[in-house]
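Understanding the architecture of this molecule
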Amino acid sequence: MNERVTTHQAEEDARNEALLIYLNDRVVPKAEAVVSVYDSGFMLGDGVWEGLRLYNGVWAFLDEHLDRLFEAAKAIDLDIGKTREEVRTALEQTRIANEMTTNAHARLMVTRGPKTRPFQHPSLSQSGPTFVIIMEHSQPKIPRPIKLATVPHLRGLPMTQDPKLNSHSKLNCILACIAAEKAGADEGLMLDVNGFVNTTNACNFFIVRKGAVWTSTGDYCMNGITRQKVIDLCRANDIPVFERNYSLVDTYGADEAFLTGTFGAQTPVSHIDGRQIGTGEMGPMTMRLRELYKKLVDQQ
Ligand SMILES: Cc1ncc(COP(=O)(O)O)c(C=O)c1O
């Protein structure tokens, strides 16, 4: 039986039993942090979110996360009800309340708020957004490189549900993850509408071939902040990097593959569709990029 591993696995931390959660301008105990069954997020997945990490007292790449949050909110015509500065203050308030100084992960969520009746129309969301920050003590502990399986669920065109929206509704990704698990893998590798390799259900995806780093064109995937940092680090360190179309043939034949995301930074991949990638262990380029990324985070 395949041991279950996820890309967001962390060490057990008893302090997470007694967290304080930010809920609409108040910081309340976890048990009291509840939202209405009429909430637009619960009922329809109508909201946007960001995942952030705290390293040595600093929220990594906070400006980029705030840019993406406000851009997504504008795209779905949702007034967050806070300025950028007020969002920063809410994060800080939650961090201080939880006495967190490093290795914390925040999920910041904004939905269209409670609805007056249980139907879709946004005009039924009349009492302002629901704004929540869940902050956990979090030390990633992914016990082995990740196994991927290609799934039938695609990364779609931007005129359906733009994959660049970090929307509350993640059903497409969840179905991809379920399909991968049923195929004995940890996470789903998703293709784009043209059949090129695009991304995984929860992370961005890279391969390494003959010393060069490849990732998708970026057209159909989440505009991951970690993805961009890895591309920038390659450019700054004379590592050839290509945002390009490539197929499963190129992928199975890669020397290394890895995932990127705020939680796990760069996570090695050992197998894709039952094919071992390289040695099946973390490769030298993935290791190098992890070191460079760690330095970049420490410089903030
Ligand atoms: C589908 C998907 N891909 C990739 C990512 C990674 O993005 P980031 O590096 O900004 O955490 C996320 C994170 O929210 C995601 O939901």
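Residues numbered from 1 in each chain as written. Predicted model: local features only at pLDDT ≥ 70, side-chain atom pairs only at ≥ 80, totals over all residues.

The next thing to look at is the site of the ligand. The ligand sits among 15 residues. The nearest are M222, G224, I225, T226 and T262. Secondary structure elements with two or more residues in the shell around the ligand: α5 (225–236) and β13 (256–261). Among the elements that take part in the shell around the ligand, α5 stands out by supplying three residues, more than any other. (Near = placed C-beta within 6 Å. Helix = DSSP H or I, 4+ residues; strand = E, 2+ residues; numbered from the N terminus.)

A word on the environment of A14. When you line up the elements, A14 lands in the segment before β1 (20–23). Along the chain, A14 and P268 lie 254 residues apart, while their C-alpha atoms are 28 Å from each other.

A few words on the pairing of strand β7 (residues 146–150). Counting buried residues along β7, five of its five residues qualify, which places the element largely inside the surrounding structure. Alternating residues of β7 divide into I146, L148 and T150 and K147 and A149, and every residue in both groups is buried. As paired elements, β7 and strand β14 (residues 265–272) share three bridges and run parallel to each other. The residue of β14 that forms the bridge with L148 is I272. Alignment of β7 against strand β8 (residues 187–191), held across three bridges, turns out to be parallel. Each residue of the ladder has a partner; that of T150, found in β8, is L189. (Buried ≥ 20, exposed ≤ 12 C-beta atoms within 10 Å, placed from the backbone. Pairing = 2+ DSSP bridges.)

Further remarks concern helix α4 (residues 171–182). Under the 1.5 Å per step criterion, the end-to-end length of α4 is 16 Å for twelve residues, consistent within 8% with the ideal 16 Å. Taken together, the buried positions of α4 are C173, A176, C177 and A180. Each buried residue of α4 sits inside an arc of 100 degrees when the element is viewed along its axis, so together they form one side. Opposite the buried face of α4, at more than 90 degrees from it, the exposed residues are L171 and K182. On its buried face, α4 sits against β7 and β8. (Expected span 1.5 Å × (residues − 1). Arc of directions from axis to C-beta. Contact = placed C-beta atoms within 7 Å.)

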